[in-house]
Amino acid sequence: MSENSACLPRSPLNRRHLWLLLLATILVQGIMFISYPLGAGSNNDNESAQKYLISEYAKGNFLVGNVRYNTGYALVMAPFKTLTDHFDRWSERALLLLQILASSAVPFLVYDIMRRRFEGRCALLTAMLVLVDPFNLQWAHFQLPGWLLALATVSALWLAQLAWSAPRRRALGLVALAAVLLGVMSFTRFNYAPLIAIYGLSFFIWTHRPFWQRLALFGLVGAVSGGILGAYILLIHIPSTGTSTLSCTAGATLVASLPEKNFEMRASNGPHSTRYAQLLTLRPQRNVDFFGDTYPLWRFPGPWVSEAEKAAFLAQPFGDAQEEIDIIFPAALYWHLGPCAADALLYDVYAETVASDFLKLALAHKDAVFNMLIQHPDAPPFPLQYVDRPEKLTWLDEGWLGFRRAESANYNGHRLWQPGVVAYSALFPTLNLIKLLTPLALVAAFWRRDWLLVTAAAMLLTGLILIAIAATIEPRYYAAMAPLFMILIGPFLADLLNRVRPGA
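Keep in mind the model is a prediction, meaning the values are calculated, not measured.

### Some points on the confidence of the model for the protein chain
Predicted coordinates in areas of low pLDDT are best not read in detail.
Then step 1. Residue-level pLDDT values for the protein chain average 91, and 96% of them are 70 or greater.
Then step 2. Low pLDDT (under 50) marks residues 1-6, which in the prediction has 15 contacts with non-local residues, meaning those over four places away or in another chain.

Written as structure tokens, this is what we have:
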């Protein structure tokens, strides 16, 4: 790295920087707090499920393991939800404040990480970018795990940075604590486990420590985080479900991603596709729903109907099966075959669909990763902005000082601050254009070969590749990695600005 770089090694703690960051945090997060309440979640199935799981944990029912919804976020938040419920009509605001305060720690942790590795101006710039990232700001306003995973990720990097120059025993303790956070993350979102592996492997870059110490740190991360995930499986998941299978929605998620990959399901693709097309012609004898209030049913991997009803369903003659199969969630099959059997069938259908053109599939994955890297506003089927834009709100009164009651998919008469909603929604697309720098920042990170930047780049790239392969590129999936974008962009931008204006 150039001697002209604005990211030179280590800078002492600058109180002025901390005050600037604190004041900016109070301003930005304060506006978000009064502008957007906690999402009601009544029309958001994933959020409603988390609220159900939290309520079960709060009642002392720990047997809520299931084959669809990850329970780590609910386990962490249950005691806090119980605490904030004492505020009665202000309970949602209290929980929102708690989540915002926790999420607000991320820019400060990023500042401390960066100033320990680089120059103070680079650290402040990066922390400020993390703070004002419009994509990242919104997640604490939902009862979803994205903000918690982001906090845990940055906390683990911060603890590793503290361990960088710590004595051996203290370093082991710090990394063990990081591994605990990562272990909780692993059953907050199971597909995050490969990122934990990247984190552990990154210790082999620490050439300033003997190889056996690096091996010990790697093993410690695996043993502690893996032990926590294993304890969850043995103590909660298996007793709850009777199966060691962690998820029975992978096939459905893969099938849902086919339109993004420009594939069409056809009955002629193979025997599983033919079988699936035929089963879709069967009609259930009751109203069934893939979502709705079926959260307790996901504890049962087998059929959700009686054997007699299942037999009657399957005994129907097949109707006229379509050659082109609509991409839908087959609720009837989940109810009558059981989620795990139905999902296994969908997985086979997906495999037959993409088998005809693996090159096309690989190119689709490449495009999906690139679109997530730059957070392309039009590429995903889901909007980047999850909190409501003004046009999605129905204002119910005139309010006072801009505070107005509103209805939408997220709110049921909640009071929002209209000027803040308008300002955030107007600034979102402009501020988020900085993500166009992510691919260049990613290349620069690997070029510099700095431990922090390489680890952040590898975790981000691995996470996005996994999303591209296994799911729709839904923004809430990569919300967990939101700070990693700015951890890469900050040093890249600081170095770029310093080359344009040396010494500035």
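### Concerning the state of the cysteines
Then step 1. This model, assessed by the stated rule, comprises one disulfide.
Then step 2. What pairs with Cys248 in a disulfide is Cys340, and their sulfur atoms sit 1.9 Å apart. Judged by the torsion about the S-S bond (75°), the Cys248/Cys340 disulfide is right-handed. You can see Cys248 sitting in the loop between α11 (211-241) and α12 (250-256) and its partner Cys340 sitting in helix α16 (residues 339-354), a full 92 residues away along the chain.

### So, the packing of aromatic side chains
Then step 1. Per the counting criterion, the structure on display carries 25 aromatic pairs.
Then step 2. With a centroid separation of 4.6 Å and an interplanar angle of 5°, the aromatic rings of Phe187 and Tyr232 are classed as stacked. Here the residue Phe187 occupies a position in helix α9 (residues 168-188), and Tyr232 occupies one in helix α11, the gap between them amounting to 45 residues.
Then step 3. Judged by its relative accessible area of 3%, Tyr232 falls in the buried class.
Then step 4. Their ring planes at 80° and their centres at 5.6 Å tell us that Trp206 and Trp451 sit as a pair that is edge-to-face. Taken together, the residues Trp206 in the loop between α10 (193-201) and α11 and Trp451 in helix α20 (residues 451-470) connect sequence positions 245 residues apart.

### Focus: the pattern of salt bridges
Then step 1. Under the defined criterion, the tally for this structure stands at 16 salt bridges.
Then step 2. Where Asp85 meets Lys81, a salt bridge forms, and the shortest distance between an N and an O atom there is 2.8 Å.
Then step 3. A relative accessible area of 23% means that Lys81 is categorised as partly exposed.
Then step 4. The closest approach of N and O atoms between Asp495 and Arg499, which form a salt bridge, is 3.1 Å. Pair noted here: Asp495 and Arg499 are both in helix α22 (residues 482-500), with a separation of four residues, about one helical turn.
Then step 5. Since its relative accessible area comes to 9%, Asp495 is described here as buried.
Then step 6. Judged by relative accessible area, which is 46%, Arg499 ranks as partly exposed.
Then step 7. Linked through salt bridges whose partners overlap, the residues forming this network are Asp112, Arg115 and Arg116.

### Some thoughts on the packing of α9 against α11
Then step 1. For the pair α9 and α11, interaxial distance at closest approach is 8 Å and the crossing angle is 35°. Of the two possible hands of crossing, α9 and α11 adopt the one that is right-handed. Of α11, the residues touching α9 (which contributes Arg168, Ala171, Leu172, Val175, Ala176, Ala179, Val180, Leu182, Gly183, Val184, Ser186 and Phe187) are Trp212, Gln213, Leu217, Leu220, Val221, Val224, Ser225, Ile228, Leu229 and Tyr232.
Then step 2. Of the residues contributing to the contact of α9 with α11, the split by class is 17 nonpolar, four polar and one charged.

### A word on the sheet that holds strand β5 (residues 412-417)
Then step 1. Here we have three strands laid out as an open sheet, ordered β3-β4-β5, and antiparallel in their pairing. Edge positions in the open sheet fall to β3 (394-395) and β5, since each of these has one partner strand only.
Then step 2. Pairing analysis gives two bridges linking β3 to strand β4 (residues 403-407), with the strands arranged antiparallel. Residue pairing in the sheet places Trp395 in a bridge with Ala406 of β4.
Then step 3. Of the strands in this sheet, β4 and β5 are in contact with helix α1 (residues 15-35), which crosses β5 at around 150°.

### A short note on the nonpolar core
Then step 1. Tyr199, Leu464, Tyr478 and Met481 are the most contacted members of the largest nonpolar core, which has 150 residues in total.
Then step 2. Of all the elements, helix α8 (residues 146-164) adds the most residues to this core, at 12 residues.

### Some details on the layout of surface pockets
Then step 1. The space that makes up the largest pocket amounts to roughly 1200 Å³.
Then step 2. Elements supplying a minimum of two residues to the lining of the largest pocket: α2 (45-58), α12, α20 and α21 (475-478).
Then step 3. For the lining of the largest pocket, the element with the most residues is α12, which contributes five residues.
Then step 4. Within the lining of the largest pocket, the residues separate by chemical class into 23 nonpolar, 14 polar and seven charged.
Then step 5. There is about 420 Å³ of room inside the second largest pocket.
Then step 6. In terms of lining, the second largest pocket is formed by 13 residues, of which the most central are Arg89, Trp90, Arg93, His414 and Arg415.
Then step 7. Listing elements by their share of the lining of the second largest pocket, those giving two or more residues are α4 (91-103), β4 and β5.
Then step 8. The leading source of residues in the lining of the second largest pocket is β5, at three residues.
Then step 9. Of the residues in the lining of the second largest pocket, the class split is six nonpolar, two polar and five charged.

### Brief notes about the pairing of β5
Then step 1. Relative to β5, β4 runs antiparallel, the two sharing five bridges. Its bridge partner being in β5, Glu407 is matched across the sheet by Asn412.
Then step 2. If you look at the hairpin formed by β4 and β5, you'll find four residues sitting between the two strands.

So, how was this worked out
Residues numbered from 1 in each chain as written. Predicted model: local features only at pLDDT ≥ 70, side-chain atom pairs only at ≥ 80, totals over all residues. Heavy atoms only, no water. pLDDT = per-residue confidence, 0-100. Contact = heavy atoms within 4.5 Å. Disulfide = S-S within 2.5 Å. Helix = DSSP H or I, 4+ residues; strand = E, 2+ residues; numbered from the N terminus. Phe/Tyr/Trp six-rings, centres within 6.5 Å; stacked < 30°, edge-to-face > 60°. Buried < 20%, exposed > 50% of the residue type's maximum accessible area, 1.4 Å probe, protein only. Salt bridge = Lys/Arg side-chain N within 4 Å of Asp/Glu carboxyl O. Axes fitted to C-alpha atoms, helices over the stretch in contact; angles between N-to-C directions. Left-handed = near helix turned anticlockwise from the far one by under 90°. Nonpolar A, V, L, I, M, F, W, Y, C, P; charged D, E, K, R; others polar. Pairing = 2+ DSSP bridges. Core = buried A, V, L, I, M, F, W, Y, C linked by side-chain atoms within 4.5 Å. 1 Å grid on protein atoms, 1.4 Å probe; cavity = no way out; pocket = protein on both sides within 12 Å on 5 of 7 lines; lining within 4 Å. Points joined across faces, edges and corners; volume = space filled by probe spheres on them.

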